[in-house]
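# Understanding the architecture of this molecule
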Amino acid sequence: QVQPVESGGGLVQAGGSLKLSCAASGSRFSVTTMGWYRQAPGKQREVVAAISAGRITYYANSVKGRFTISRDNDKNTIYLQMNRLNPEDTGVYYCNALKYEDKWYTVGSWGQGTQVTVSS
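Residues numbered from 1 in each chain as written. Predicted model: local features only at pLDDT ≥ 70, side-chain atom pairs only at ≥ 80, totals over all residues. Heavy atoms only, no water.

## Concerning the overall build of the chain
The condition that has to hold: Secondary structure follows DSSP: runs of H or I at least 4 residues long count as helices, runs of E at least 2 residues long count as strands, and numbering of each begins at the N terminus. Throughout, the radius of gyration refers to the C-alpha atoms, and the reference size of a globule is 2.2 Å times the residue count to the power 0.38. Three exposure classes are used, based on accessible area relative to the maximum for each residue type with a 1.4 Å probe and protein chains only: buried under 20%, partly exposed in between, and exposed over 50%. Computed by Shrake-Rupley with a 1.4 Å probe, the accessible areas treat only the displayed protein chains as cover when residues are assessed.
A count of helices and strands for the chain gives 0 helices and 11 strands. The secondary structure elements of the chain, listed N-terminal to C-terminal, are β-β-β-β-β-β-β-β-β-β-β. Since a compact globule built from 120 residues should have a radius of gyration of about 14 Å, the 13 Å found for the chain is in line with a globular shape. When its C-alpha atoms are laid out on the principal axes, the chain stretches across 40 × 30 × 25 Å. For the chain, with 120 residues in total, the buried portion stands at 43%. Summed over all atoms, the accessible surface of the chain reaches about 6,200 Å², with 47% contributed by carbon and sulfur.

## A word on the pattern of salt bridges
Between side chains of opposite charge, pairing is possible as soon as their charged atoms come close. Going by this rule: A side-chain nitrogen of Lys or Arg and a carboxyl oxygen of Asp or Glu constitute a salt bridge if their distance falls within 4 Å.
Tallied over the full model, the rule gives 4 salt bridges. When the shortest N-O distance is used, the salt bridge between D89 and R66 registers 2.8 Å. Of this pair, D89 sits in the loop between β8 (77-82) and β9 (91-100) while R66 sits in the loop between β6 (57-59) and β7 (67-72); the two residues are 23 residues apart in sequence, bridging distant segments of the chain. Here the two residues D89 and R66 agree in accessibility, since each one is buried.

## A look at the environment of A97
Applied cut-off: Any two residues whose heavy atoms approach within 4.5 Å at even a single point are treated as in contact.
By the element assignment, A97 lies in strand β9. C-alpha separation for the pair A97 and A24, spaced 73 residues apart in sequence, amounts to 9.2 Å. What A97 contacts, discounting residues up to four positions off in sequence, is V2, T32, T33, M34, Y105, T106, V107 and G108.

## Quick notes on the side chain of T32
With respect to the helices, strands and loops of the structure, T32 is situated in the loop between β3 (18-25) and β4 (34-39). Judged by relative accessible area, which is 13%, T32 ranks as buried. The contacts of T32, once residues within four sequence positions are left out, are V2, I51, A53, R71 and A97.

## Notes on the sheet that holds β7
This is how the line gets drawn: Pairing between strands is defined by DSSP: at least two bridges between the two strands are required. For helices, the fitted axis covers only the stretch in contact; all axes are lines through C-alpha atoms, and the angles between them, taken along N-to-C directions, range from 0 to 180 degrees.
Taken together, the 4 strands give an open sheet; going across it, the order is β1-β3-β8-β7, and neighbouring strands pair in antiparallel fashion. Of all the strands in the sheet, just β1 (3-7) and β7 have a single pairing partner and so form its edges. Within the sheet, the average angular offset between the axes of one strand and its neighbour, ignoring direction, is 20°. With 5 bridges connecting them, β1 and β3 associate as antiparallel partners.

In structure tokens:
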């Protein structure tokens, strides 16, 4: 089972950029769809980006054109490059293994997440 460790969060002004990293243990990382979730204050956790083993990507409408997800299978790591950040992007960001069957399902363990705060 994939066990993730997220890093790279911080405080940034609106319009700025951050790059998140997620190092994940597990022998099946390279064949696993991985994704980034965001949990904004008072809201449910949602998938904002995902990348399949074949590097097919998915983005939530709210981040499309601003965020880029990528993976390095040699390092068992996925990344989330976040540009043109706005205060609505504030939240705790988690990565996890997931699958899509009519909707996204988490199939791995949760890490501690990394806090992203965007000031206006």
